[in-house]
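Here is how the chains run, residue by residue.
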Amino acid sequence: MPALQDSINAVRVAAEAADRLKATDIVAFDVADLLGITDIMMIAGASNERQVLAVAEEIEKDLYLKCDGRQPRSREGLTEGQWVLLDYGDFVIHVMHDEAREFYGLERLWKDCESIDLQLEHPETAAHHEDDSRIDAYASLGDE
């Protein structure tokens with residue numbers, strides 16, 4: 001049984017919040033058939049500990065304000081700021097420091113699951129930022 005539309009809508013709200021704070025590579029997978037304990041896993045990357053915490057806080061705030069006071073059942077990782085897990089029951093959100101995300105490779109756990117279209121207007125990707133820095137470096141060579 002695929003993820004419920006209510007869960008998909010809530011995850012889209014969470015993804016918008018993460019994207020607004022420049023989280024990178026935001027993805028979500030429909031894991032309902034695979035796990036049975038939750039419908040959706042969402043992952044968002046952040047480049048440093050402060051951004052990890054800020055993104056998690058913004059997600060919580062938006063889900064509370066835009067989804068009828070929805071609050072996580074549990075929150076983990078708020079002390080270290082490397083990997084914050086927000087468990088909403090029907091969906092779980094992982095906000096991960098880029099290095100931790102690369103190390104753990106959560107995406108490979110759900111690679112066989114259908115991805116969810118998050119409908120982000122301006123999705124940020126880590127590759128996009130790397131390309132921008134290369135372009136900026138190249139452009140500055142012409143200034144010399």
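None of these values were measured; they are calculated from a predicted model. Starting afresh in each chain, residues are numbered from 1 along the sequence in its written order. Since the coordinates come from a predicted model, pLDDT governs what is reported: local features require at least 70, and pairs of side-chain atoms require 80 or more to be given and counted, while whole-chain, interface and lining totals use all residues. Hydrogens and water molecules were not included; the side-chain quantities draw on all heavy atoms of the structure.

Novice: Explain the overall build of the protein residue by residue, including any values.
Specialist: Only DSSP runs of H or I reaching four residues or more are called helices, and only runs of E reaching two or more are called strands; each is numbered from the N terminus. Tallying secondary structure elements over the protein gives five helices and six strands in all. Listed by position from the N terminus, the elements making up the protein come as α-β-α-β-α-β-β-β-α-β-α. Think of it in three bands: with a 1.4 Å probe and only protein chains considered, a residue is buried below 20% of the maximum accessible area for its type, exposed above 50%, and partly exposed in between. Evaluated residue by residue, the protein yields a buried proportion of 44% over its 144 residues. Contacts: residue pairs with any heavy atoms within 4.5 Å of one another. Across the protein, contacts joining residues at least 24 apart in sequence account for 66% of those joining residues at least 6 apart. Of the roughly 8600 Å² of accessible surface on the protein, a fraction of 49% belongs to carbon and sulfur atoms. Every accessible area reported is derived by Shrake-Rupley at a probe size of 1.4 Å, with residue values counting cover from the shown protein chains alone.

Novice: Give a description of the nonpolar core that names residues and reports values.
Specialist: Among the buried residues, those of types Ala, Val, Leu, Ile, Met, Phe, Trp, Tyr and Cys that are joined through side-chain atoms within 4.5 Å form a nonpolar core. Ile26, Met42, Ile59, Leu63 and Ile93 are the most contacted members of the largest nonpolar core, which has 31 residues in total. When residues of this core are traced back to their parent elements, those giving at least two are α1 (5-20), β1 (24-30), β2 (40-46), α3 (49-66), β4 (83-87) and β5 (91-97). Per-element tally for this core: the top contributor is α1, with eight residues. Ignoring any residue separated from it by four or fewer positions in sequence, one finds Ile93 in contact with Ala14, Met42, Ile59, Leu63, Val84, Leu85, Leu86 and Tyr88.

Novice: Account for the confidence of the model for the protein, naming residues and giving values.
Specialist: Per-residue confidence from the predictor is reported as pLDDT, a score between 0 and 100. Taken over all residues, the pLDDT of the protein has a mean of 88, while the share at 70 or more is 86%. Note on residues 128-144: pLDDT under 50 across the span, and two contacts to partners over four residues away in sequence or across chains.

Novice: Summarise the sheet that holds β1; cite the residues concerned and give the values.
Specialist: Pairing between the strands of a sheet is mediated by backbone hydrogen bonds and can be parallel or antiparallel. Strands are treated as partners if at least two bridges between them are detected by DSSP. Strand order in the open sheet formed by six strands is β3-β4-β5-β2-β1-β6, and the pairing between neighbours is mixed. The sheet is open, and its two edges are formed by β3 (74-76) and β6 (114-115), each paired on a single side. Strand direction decides the pairing type here: β3 and β4, joined by three bridges, are antiparallel. The residue of β4 that forms the bridge with Ser74 is Asp87. Axis lines are fitted to C-alpha atoms, over the contacting stretch for helices. Their N-to-C directions set the angle, which ranges from 0 to 180 degrees. Together, β1, β2 and β5 form the strand contacts of α1, whose direction differs from that of β2 by roughly 0°.

Novice: Hey, could you go over α3 for me, with residue numbers and the actual values?
Specialist: How far a helix is expected to stretch is found by multiplying one less than its residue total by 1.5 Å. Taking 1.5 Å per residue, 18 residues should reach 26 Å; α3 reaches 26 Å between its end C-alpha atoms and fits that length. Those residues of α3 that sit buried are Gln51, Val52, Val55, Ala56, Glu58, Ile59, Glu60, Asp62 and Leu63. On its buried face, α3 sits against α1, β2, β3, β4 and β5. One side-chain oxygen of the residue at the start of α3 lies 3.1 Å from the amide nitrogen of Arg50, identifying that residue as Asn48. Where α3 ends, the next residue or the one after it, Asp68, has phi of about 55°, a positive value. Within 3.5 Å is the distance limit for a polar contact, defined as a pair of N or O atoms, with the added protein rule that one can donate a hydrogen and the other accept it, and that residues adjacent in sequence qualify only through two side-chain atoms.

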